[in-house]
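Reading the structure
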Amino acid sequence: MISATEDEPLHVLDLPQVYESPSGTDLIKALALLTLQPRNFGASAEAVKGPAVHPTGVNRYLTQIISSPLSWLQTDELREAVWDAAAARLSERSGRTAMPAMSRVFDVPTGSVEDYTLTLHEPSLTADNLGMKTWVSSYLLSRRLHNLLDSAPKLVPSAPTDISITSNKLRALELGSGTGLVGLAFAALRGKSATIHLTDLPEIVPNLAHNAALNIELMNRTEATVTTGVLDWSEVPEPQPTAEERFDVILAADPLYSPKHPGWLAQTIGAWLSRGLDARVLTEMPLRDAYLPQVQELRDRMAQLGLGVIEEGEEVGYDDWQGADGDALAVKCWWAVWGWSEKV
Ligand SMILES: C[S@@+](CC[C@H](N)C(=O)[O-])C[C@H]1O[C@@H](n2cnc3c(N)ncnc32)[C@H](O)[C@@H]1O
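Okay, so let's go over this structure. Fair warning: this is a prediction, and the values are worked out from it, not measured in the lab.

Thresholds, definitions, all that
- Residues numbered from 1 in each chain as written.
- Predicted model: local features only at pLDDT ≥ 70, side-chain atom pairs only at ≥ 80, totals over all residues.
- Heavy atoms only, no water.
- Near = heavy atom within 4 Å.
- Polar contact = N/O pair within 3.5 Å; in protein donor to acceptor, adjacent residues only side chain to side chain.
- Areas by Shrake-Rupley, 256 points an atom, 1.4 Å probe, with all protein chains shown as cover.
- Nonpolar A, V, L, I, M, F, W, Y, C, P; charged D, E, K, R; others polar.
- Helix = DSSP H or I, 4+ residues; strand = E, 2+ residues; numbered from the N terminus.
- Buried < 20%, exposed > 50% of the residue type's maximum accessible area, 1.4 Å probe, protein only.
- Phe/Tyr/Trp six-rings, centres within 6.5 Å; stacked < 30°, edge-to-face > 60°.
- Lys NZ or Arg CZ within 6 Å of the ring centre and 35° of its normal.
- Axes fitted to C-alpha atoms, helices over the stretch in contact; angles between N-to-C directions.
- Parallel < 35°, antiparallel > 145°, perpendicular 65-115°, else oblique.
- Left-handed = near helix turned anticlockwise from the far one by under 90°.
- Contact = heavy atoms within 4.5 Å.
- Pairing = 2+ DSSP bridges.
- Core = buried A, V, L, I, M, F, W, Y, C linked by side-chain atoms within 4.5 Å.
- Salt bridge = Lys/Arg side-chain N within 4 Å of Asp/Glu carboxyl O.

Around the ligand, 19 residues are found, and the nearest of them are Trp135, Gly176, Asp200, Trp233 and Ala253. For the ligand, a nitrogen atom lies 2.8 Å from a polar atom in the backbone of glycine 176. When the free accessible area of the ligand is taken as 590 Å², the share hidden by the protein chains comes to 97%. Here the shell around the ligand is composed, by residue class, of eight nonpolar, seven polar and four charged.

Given below as structure tokens:
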């Protein structure tokens, strides 16, 4: 029988070897031990249990199984099951982009006893579809949302004469929603006091809409109003949104990864953010070295619009994918609450 103790992972040579003609069941059990799990974004490296099998030699082990005819196994179905499992384990080790589709569960703190739980579908990734995966800064922002709502001004009309507010409901917009974690968390937390429109590029929106539908029970229970649609930051809205069409709150997580993004994002925020006293932008993004100039450019461009940071902070999250060596990647992220400078 193969088993790993808490402290001591197995070595790949402890697993059934192809030259021993092991049973299909033993091979499938061994391959299950090699599964790499997406880590919880919040878990520190120390808190994550290491792999059941030491990584040395695992890729070679998997390749041997995939290239073996498995001729001693009795049925084609069994052979297929073993090859499929070995191929899945190999693709897990090729990074998140090679992973098959998956559903993941996220807990959103509410500030009271019960957390909310969101289930998000993440399709198989392709290199240019970053919105198909949930990123660490959206996880961190979703966990901070209930506090941010408490500490910011009420985010409701400050005066009946404020022409940008047409109803009692707060109007929120999320830019680059991806799988929708931040927007859906906001929707559930604000319940019937807000509406939120989750947006992204055309190829991302179908999965975003799917995720909104996937969480319909929570949305109904909290009386949330969520819509989804395309909003491409590179396009200047024509005609410009009217005061009634603008939003009281704009949210964006991890929106900067191309030199064009700071300009596009600022332009989009400038077009869609209400001019009301309590209008706010909530952002969180990783401080990756390569993108620091873009973070600075966003600050500059927001300042040109008249938007300044009211509250900000840095926090560390952990990348969601456990590497073959079991190490967690710490990611420093920056969160900020923005408002119109002259009104701050
Ligand atoms: C790194 S992902 C972050 C997704 C999600 N906010 C999260 O943190 O999990 C960046 C998102 O921005 C979207 N995006 C990139 N360029 C965009 C554009 N020009 N207009 C609208 N969305 C865009 C991508 O499709 C993707 O969903």
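Read on, since the account is not over.
On to the environment of leucine 120. Following the sequence through the fold, leucine 120 ends up in strand β2 (residues 116–122). Relative accessible area serves as the criterion here: at 0%, leucine 120 is assigned to the buried category. Measuring from C-alpha to C-alpha, the distance between leucine 120 and serine 103 comes to 5.5 Å, with 17 residues separating the pair along the chain.

Here we take up the packing of aromatic side chains. Each aromatic ring pair is described using two quantities: the centre-to-centre distance and the angle formed by the ring planes. Going through the model one piece at a time under the given rule, you end up with two aromatic pairs. Geometrically, the ring pair formed by phenylalanine 247 and tryptophan 272 is tilted, given 5.9 Å between the ring centres and 55° between the ring planes. Taken together, the residues phenylalanine 247 in the loop between β5 (225–230) and β6 (249–253) and tryptophan 272 in helix α8 (residues 261–272) connect sequence positions 25 residues apart. Taken individually, phenylalanine 247 and tryptophan 272 each receive the classification buried, so the pair is uniform in this respect. When the centroid spacing of 5.9 Å and the interplanar angle of 75° are considered together, the rings of tryptophan 334 and tryptophan 338 count as edge-to-face. Looking at tryptophan 334, the relative accessible area reads 4%, which means it is buried. Judged by its relative accessible area of 1%, tryptophan 338 is buried. The residue whose ring lies beneath lysine 133 is tryptophan 135, and the NZ or CZ to ring-centre distance is 4.3 Å. Directly above the ring of phenylalanine 247 sits arginine 171, whose terminal nitrogen or CZ lies 4.4 Å from the centroid.

The subject of this paragraph is the packing of helix α1 (residues 24–33) against helix α3 (residues 76–92). One can describe the packing of α1 onto α3 by two numbers: an axis separation of 10 Å at closest approach and a directional angle of 15°. Considering the angle they form, α1 stands roughly parallel to α3. Note on packing geometry: the crossing formed by α1 with α3 is left-handed. Contacts between α1 and α3 involve Gly24, Leu27, Ile28 and Leu31 from the former and Leu78, Ala81, Val82, Ala85, Ala86 and Arg89 from the latter. Counted by class, the contact of α1 with α3 contains eight nonpolar, one polar and one charged residues.

A few words now on the sheet that holds strand β7 (residues 280–286). As a general point, the strands of a sheet are linked pairwise by backbone hydrogen bonds and lie either parallel or antiparallel. Pairing is mixed across the open sheet formed by seven strands, whose spatial order is β5-β4-β3-β6-β7-β9-β8. Each end of this open sheet is capped by a strand with a single partner; those strands are β5 and β8 (307–318). Going from strand to strand, the sheet's axes swing by 15° on average, the running direction of each strand aside. Both β8 and strand β9 (residues 330–340) contribute to a ladder of eleven bridges, which runs antiparallel. Each residue of the ladder has a partner; that of glutamate 314, found in β9, is tryptophan 334. Docked against the sheet, α8 engages β3 (170–175), β6, β7 and β8, running at close to 165° with respect to β3. Running at roughly 5° to β9, helix α9 (residues 292–305) makes contact with β7, β8 and β9 of the sheet.

Attention now goes to the nonpolar core. In terms of nonpolar packing, the biggest core is built from 37 residues, with Leu118, Leu145, Phe186, Met219 and Leu251 touching the most fellow members. Not counting chain neighbours up to four residues away, the residues in contact with leucine 145 comprise Val182, Ala185, Phe186, Leu189, Leu251 and Leu282. Among the nonpolar cores identified, the runner-up in size contains 25 residues, and Trp272, Leu273, Leu307 and Trp340 belong to it.

Let's shift gears to the pattern of salt bridges. Throughout the structure, instances matching the rule amount to eight salt bridges. The partner of glutamate 122 in a salt bridge is arginine 104, and the shortest N-O contact between them spans 3.3 Å. Of this pair, glutamate 122 sits in strand β2 while arginine 104 is found in strand β1 (residues 102–108), placing the two residues 18 residues apart along the sequence. Residue class for arginine 104 comes out buried when judged on its relative accessible area of 8%. The closest approach of N and O atoms between aspartate 254 and arginine 288, which form a salt bridge, is 3.1 Å. Of this pair, aspartate 254 sits in the loop between β6 and α8 while arginine 288 sits in the loop between β7 and α9, placing them 34 residues apart in sequence. We classify aspartate 254 as buried; its relative accessible area is 12%.

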